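As a plain string of letters, each chain reads:
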Amino acid sequence: MEEPQREVRAAYAESTITVYQAYSPEIGRPAVREGRFTAAWKRDRMTWIKPSFLWMMYRCGWGTKAGQETVLAVEISRDGFEWALRHACLSSYVRGVHADQAAWQRQLKRAPARVQWDPERDLHLRPLPYRSLQLGLSGEAVRRYADEWTVSIRDVTPLARKIHALVGGGDLDSATRLLPQERPYLLGDELLAHLRE
């Protein structure tokens, strides 16, 4: 069956969804220890969350890129995640979706979240022909993410390294079995229309 061009895929439960971020150990380790983002984590900057484990691996190079050595699985409330989607603006101007470029820029400036669709990745981190969600949070959304939505924070760096080693050794079946079980995250048609470029 052909994958939809744009679809939110994630590991999720009845009330929570897992998103991924990668930080330096100075930020990541205290967050895991406390189960919350600590003072070292900057609330005044935009932060990007990714429901796709493999897209996060592409972004952080399996946890090897400088400043991204600690890969976090952040479990957040689905209510919070969907609040961010409802209040999001597309990260780029799209003719036909926005009245004009100036209208898009005004919306972008006001929105506490932004949606970006990037090519999903395979185990070799090559682009696939369909896209996965990145969700940028700023202002009110960052505060809600840190103070209200976060349920738990786990360090999945060892998992990332193990999968990477299996891929490097050519054992793709074992690597695939270790991947988080992501499935389509169902959203209402109205919300999906709002999010698609």
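Attention in this report is confined to the structure presented alongside it. (Residues numbered from 1 in each chain as written. Predicted model: local features only at pLDDT ≥ 70, side-chain atom pairs only at ≥ 80, totals over all residues. Heavy atoms only, no water.)

## Quick word on the side chain of Ser-132
- Tracing the backbone shows Ser-132 in strand E7 (residues 127-137).
- Sequence-distant contacts of Ser-132, that is, excluding residues within four places in its chain, are made with Glu-7, Arg-9, Ser-52, Gln-116, Trp-117, Asp-118 and Glu-120. (Helix = DSSP H or I, 4+ residues; strand = E, 2+ residues; numbered from the N terminus. Contact = heavy atoms within 4.5 Å.)

## What to know about the pattern of salt bridges
- Under the counting rule described, the total for this entry stands at four salt bridges.
- Between Asp-147 and Arg-43 there is a salt bridge, with its nearest N and O atoms 2.8 Å apart. Here Asp-147 is found in helix H5 (residues 140-149), whereas its partner Arg-43 is found in the loop between helix H1 (25-34) and strand E3 (47-49), with 104 residues between them in sequence.
- By relative accessible area, which is 44% here, Asp-147 ends up partly exposed. (Salt bridge = Lys/Arg side-chain N within 4 Å of Asp/Glu carboxyl O. Buried < 20%, exposed > 50% of the residue type's maximum accessible area, 1.4 Å probe, protein only.)

## As for the packing of aromatic side chains
- Tallied over the entire structure, the rule returns nine aromatic pairs.
- Taking 4.9 Å as the distance between ring centres and 75° as the angle between the ring planes, the aromatic pair formed by Tyr-12 and Tyr-185 counts as edge-to-face. Of the two residues, Tyr-12 is situated in the loop between strand E1 (9-10) and strand E2 (16-23) and Tyr-185 in the loop between strand E9 (183-184) and helix H8 (189-195); the sequence distance between them amounts to 173 residues. Of the two residues, Tyr-12 and Tyr-185, both sit in the buried class.
- Judged by centre distance (6.1 Å) and plane angle (50°), the rings of Trp-41 and Tyr-145 are tilted. On the criterion of sequence distance, the pair formed by Trp-41 in the loop between H1 and E3 and Tyr-145 in helix H5 is long-range, its members being 104 residues apart. Each of the two residues, Trp-41 as well as Tyr-145, counts as buried. (Phe/Tyr/Trp six-rings, centres within 6.5 Å; stacked < 30°, edge-to-face > 60°.)

## A short note on the environment of Gln-105
- Topologically, Gln-105 is positioned in helix H4 (residues 101-110).
- Each C-alpha atom of the pair Gln-105 and Ser-91 lies 9.5 Å from the other, and the pair is 14 residues apart in sequence.

## Points about the sheet that holds E7
- Pairing is mixed across the open sheet formed by four strands, whose spatial order is E3-E7-E6-E5. Two strands in the sheet have a free side with no partner beyond their single neighbour: E3 and strand E5 (88-90). When strand polarity is set aside, the average angle formed by the axes of neighbouring strands in this sheet is 40°.
- Bridge count for E5 against strand E6 (residues 113-121) is three bridges, and the pairing is parallel. The partner of Ala-88 across the bridge, within E6, is Ala-113.
- The strands touched by helix H3 (residues 78-86) are E5, E6 and E7; relative to E7, the strand with the most contacts, the crossing angle is about 95°. (Pairing = 2+ DSSP bridges. Axes fitted to C-alpha atoms, helices over the stretch in contact; angles between N-to-C directions.)

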